[in-house]
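# Summary of the model geometry
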Amino acid sequence: TAAGLIIGYPLRVAAQSGLGLGQVGEFSFVLAGVGLSSGLIAAEEYQIFLAASILTMAVTPLLIAAGPKFASLLHWGAGPLLPEGQKEPEELEDHLIIVGYGVGGRHLARAARMANVRYVVVEMNPDTVRQEKAKGEPIFYGDAAHNAVLEHAGVRKARILALVIADPAAIRHITDTAHRLNPGLHIVARTRFVSEIEPLRELGAREIIPEEFETSVSIFSRV
């Protein structure tokens, strides 16, 4: 939560993120094991640490689910998640979800805005999120590979999901997650290689645009 406030998120968003990230990670088991073998911690302390770690990991899904309700209690001094007059993402219906706000995401958002299409953007660069949110862009920080982030973006009521990121593994993961949450969602994915088309179709993507093929077509048309 403190890190979110330092970055510049509203208190409500920072608190919700803090609840989801407050657990002790799996890597801590390795560090604790090293500490035990080196004599830095006693066996009894090691057992207590393991119990606390497992407990925090077990309650994390519950904390993530309760995050929005808890964060809404912090409306005092928190400021809205989106600029005034815009709905929270989970309140939207039949909208477009744009994952990634690079060149492709920016162009898509601009086109959607000009066509009066309701949309929300999910982006992992905190600086971009802070700057664009200040301009009134319906954008929020998050990793769309996680259920909670897609839920916050209103994936169950969305009509289209557009993946305009460059990470093939992330594209596959997000496609699979989004399709499971909303089987009727129309997923459009950009990928680099033609070989990614069939795997993405099997995961639930309706349309795949391979840069490899589109680039060759563009080059040939110019030739």
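Details of the structure are given in the entry above.
First things first, this report covers the structure right here in the doc. (Residues numbered from 1 in each chain as written. Predicted model: local features only at pLDDT ≥ 70, side-chain atom pairs only at ≥ 80, totals over all residues. Heavy atoms only, no water.)

### A word on the overall build of the protein chain
Broken down by element type, the protein chain carries 10 helices and six strands. The proportion of buried residues among the 223 residues of the protein chain is 37%. Pairs at least 24 apart in sequence give 57% of the contacts found in the protein chain among residues at least 6 apart. (Helix = DSSP H or I, 4+ residues; strand = E, 2+ residues; numbered from the N terminus. Buried < 20%, exposed > 50% of the residue type's maximum accessible area, 1.4 Å probe, protein only. Contact = heavy atoms within 4.5 Å.)

### With respect to the pattern of salt bridges
Summed over all chains, the structure comprises 11 salt bridges. In this structure, R159 and D94 form a salt bridge, with 3.6 Å as the shortest nitrogen-oxygen distance. Here R159 is found in the loop between helix 7 (147-152) and strand 4 (160-163), whereas its partner D94 is found in the loop between helix 4 (43-72) and strand 1 (96-99), with 65 residues between them in sequence. We classify D94 as partly exposed; its relative accessible area is 42%. Three or more residues joined by partner-sharing salt bridges are found here, namely R106, E132 and K135. (Salt bridge = Lys/Arg side-chain N within 4 Å of Asp/Glu carboxyl O.)

### Focus: helix 6 (residues 126-134)
T128, V129, E132 and K133 are the residues of helix 6 that are buried. Looking straight down helix 6, one finds its buried side chains confined to an arc of 120°; they lie on one side. Check the buried side of helix 6 and you find it contacts helix 5 (103-114), strand 2 (119-123) and strand 3 (139-141). Capping of helix 6 at its N-terminal end is provided by N125; its side-chain oxygen lies 2.9 Å from the backbone amide nitrogen of D127. Among the residues trailing helix 6, G136 stands out with phi positive, at a value near 100°. (Arc of directions from axis to C-beta. Polar contact = N/O pair within 3.5 Å; in protein donor to acceptor, adjacent residues only side chain to side chain.)

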